[in-house]
Amino acid sequence: MMAALSPKQGDLLRFIAGHQAAKGFCPSFREMGAALGVTSTQSIARLLDELEQRGAIRRLCQRARSVEVLVPVAFPLAPDGAPLRSVPIGEYAWA
C-alpha cells in the first residue's frame, strides 16, 4: 500500500500523469517546476525521489523524461475524454 502523499507530491503526480496522457511523454524538470511554481530543479528531483520511495512512480536511471506512473491518478477530462490543459475559472482560464 502506498503511503499518503503531501499536497505538493500529489500535485506533481497529477501533473505528470496529465502531461503524459496529453502529450505521450513525461514533462521536463523545468516544466514540472513551472507547473508547481518551483524554480529549483533540485526541489523537483527531491519530490520525484519521494514519489519513487512511496511507490507512486518508477524512473529509469540515466534517461531523461523516464517517469512511469504506477498508481491510478484522477485528473480532469474534457467531454471528449481528452485531458484538460486548462481549467476555466469564471472568465479566466488557468493553464
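Preceding this section is the structure that the text describes.
Nothing here was measured: the structure is a model prediction, and the numbers come from that model. Here, residues in each chain are numbered from 1, in the same order as that chain's written sequence. Owing to the predicted nature of the model, reporting of local features is limited to residues with pLDDT of at least 70; listing and counting of side-chain atom pairs is limited to 80 or more, with chain, interface and lining totals taken over all residues. Computation of side-chain values covers all heavy atoms of the structure but excludes hydrogens and water.

> Tell me about the overall build of the chain, and name the residues and values.
The helix and strand labels rest on DSSP assignments: H or I over at least four residues marks a helix, E over at least two residues marks a strand, and numbering proceeds from the N terminus. Scanning the chain from terminus to terminus reveals 3 helices and 4 strands. Shown N-terminal to C-terminal, the secondary structure of the chain runs as helices and strands in the order α-α-α-β-β-β-β. Relative accessibility decides the category of a residue: with a 1.4 Å probe and only protein chains considered, values under 20% of the type maximum give buried, values over 50% give exposed, and everything between is partly exposed. When burial is assessed residue by residue, the chain has 28% of its 95 residues classed as buried. Residue burial considers only the protein chains on display, and all accessible areas are found by Shrake-Rupley using a 1.4 Å probe. On the chain, roughly 6,400 Å² of surface is accessible, and the fraction owed to carbon and sulfur atoms is 56%.

> So, helix H2 (residues 29-36): which residues are in play, and what are the values?
One turn of an α-helix holds 3.6 residues; hence residues three or four places apart share an orientation. Listed in full, the buried residues belonging to H2 are Met-32, Gly-33 and Leu-36. On an axial view of H2, the arc spanned by its buried residues comes to 100°, and they lie on one face. Turned more than 90 degrees away from the buried face of H2 sit Arg-30 and Ala-34, all of them exposed. Note on contacts: a residue pair qualifies if any of its non-hydrogen atoms lie within 4.5 Å across the two residues. Residues of H2 that are buried make contact with helix H1 (7-23) and helix H3 (41-53). Looking one or two residues beyond H2, the residue adopting positive phi is Gly-37, at roughly 75°. By arc we mean the arc of the directions from the helix axis to the C-beta atoms, nothing more.

> Run through the packing of H1 against H3, naming residues and quoting values.
Note on geometry: axes are lines fitted to C-alpha atoms, helical ones only across the stretch in contact, with angles between N-to-C directions running from 0 to 180 degrees. One way to put it is that H1 packs onto H3 with a least axis distance of 10 Å and a crossing angle of 90°. The angle between H1 and H3 falls in the class roughly perpendicular. Contacts between H1 and H3 involve Lys-8, Gln-9, Leu-12, Leu-13 and Ile-16 from the former and Leu-47, Leu-48, Glu-50 and Leu-51 from the latter. Looking at the contact of H1 with H3 residue by residue, the classes come out as 6 nonpolar, 1 polar and 2 charged. Roughly parallel covers angles under 35 degrees, roughly antiparallel covers those over 145, roughly perpendicular covers 65 to 115, and oblique covers all other angles. Charged residues are taken to be Asp, Glu, Lys and Arg, nonpolar residues to be Ala, Val, Leu, Ile, Met, Phe, Trp, Tyr, Cys and Pro, and polar residues to be all remaining types, Gly included.

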